[in-house]
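Residue strings, one per chain:
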Amino acid sequence: MPNVAYRAIRERRRFVHAPEVKRVLGEALDSEVKPALLQRFEAVVANWQHAPVFQARKFVTENAIRVNVFPTGENKRIYQYVTGGTRPHPIAARHAKTLAFVWGGPGSYTPKTAPGGHWGGPGTASGSMHYPLVVQHPGNKPRNFEAVIKREYQPEFRRVMENAFRRAIRGL
């Protein structure tokens, strides 16, 4: 999950322990950073049929300011499989007599997401219905959504934290 960190500037290190500075930074994380990051993660799964729910947790320590965003709910494992990738593995029917899916051979399926953090596609399958008992899934490459969101949001995070730090120092 994304860990976006802002490290205190050397001259300002003496202010990091002040309760007022931590309070102002925490308010900025709650009011600006967490909603923005949650919105970005929810955009990734906006067109998923089994989308997870995301939560964010803030951490303000002496050396870093961090927000962790993580999936929750019954669909969090699906998100983890997509963003982290999977190895090749067998899939067998468990709650039905057979599996059922559309398949027209290699190249007949287009996923909604792609490696490198691309998302929002339609996700299509073409071909005829197949009903096997077991299939060997080839696995999927990791999508790394967190790395993409972190890279895109880093400048905004830095701006918000620097402004909050300035507000806190003015208030001391």
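Up top you'll find the structure we're talking about.
Residues numbered from 1 in each chain as written. Predicted model: local features only at pLDDT ≥ 70, side-chain atom pairs only at ≥ 80, totals over all residues. Heavy atoms only, no water.

Engineer: Looking at this structure, how should I read helix α1 (residues 19-44)?
Structural biologist: Because an α-helix completes one turn every 3.6 residues, residues spaced three or four positions apart along the sequence face the same direction. Spanning 26 residues, α1 covers 36 Å between terminal C-alpha atoms, matching the ideal 38 Å at 1.5 Å per step. Maximal helix bending in α1 amounts to about 40 degrees, located at leucine 29. (Helix = DSSP H or I, 4+ residues; strand = E, 2+ residues; numbered from the N terminus. Expected span 1.5 Å × (residues − 1). Bend = angle between axes of the 7 residues up to and from the residue.)

Engineer: Explain the nonpolar core to me, please; I cannot follow it from the model alone.
Structural biologist: One recurring pattern in soluble globular proteins: nonpolar side chains tend to sit buried together. Counting residues in each nonpolar core, the largest one holds 30 residues, and the members touching the most others are Val33, Val67, Val69, Phe157 and Met161. Among the secondary structure elements, those contributing two or more residues to this core are α1, β1 (53-60), β2 (65-72), α2 (76-84) and α3 (145-170). For this core, the element with the highest residue contribution is α1, accounting for eleven residues. (Core = buried A, V, L, I, M, F, W, Y, C linked by side-chain atoms within 4.5 Å. Buried < 20%, exposed > 50% of the residue type's maximum accessible area, 1.4 Å probe, protein only.)

Engineer: Explanation requested: the packing of aromatic side chains in the structure shown.
Structural biologist: The geometry of an aromatic ring pair comes down to the distance between the two centres and the angle between the two planes. On inspection of all chains with the given rule, the structure shows four aromatic pairs. Judged by centre distance (6.2 Å) and plane angle (40 degrees), the rings of tryptophan 48 and tyrosine 79 are tilted. Here tyrosine 79 lies in helix α2 and tryptophan 48 lies in the loop between α1 and β1, a separation of 31 residues in the sequence. By the burial criterion, tryptophan 48 is buried, and tyrosine 79 matches it. Through pairs of rings, three or more aromatic residues link up here, namely Phe41, Trp48, Phe54, Tyr79 and Phe145. In this structure, arginine 66 packs its charged tip against the face of phenylalanine 59, placed 4.7 Å from the ring centre. (Phe/Tyr/Trp six-rings, centres within 6.5 Å; stacked < 30°, edge-to-face > 60°. Lys NZ or Arg CZ within 6 Å of the ring centre and 35° of its normal.)

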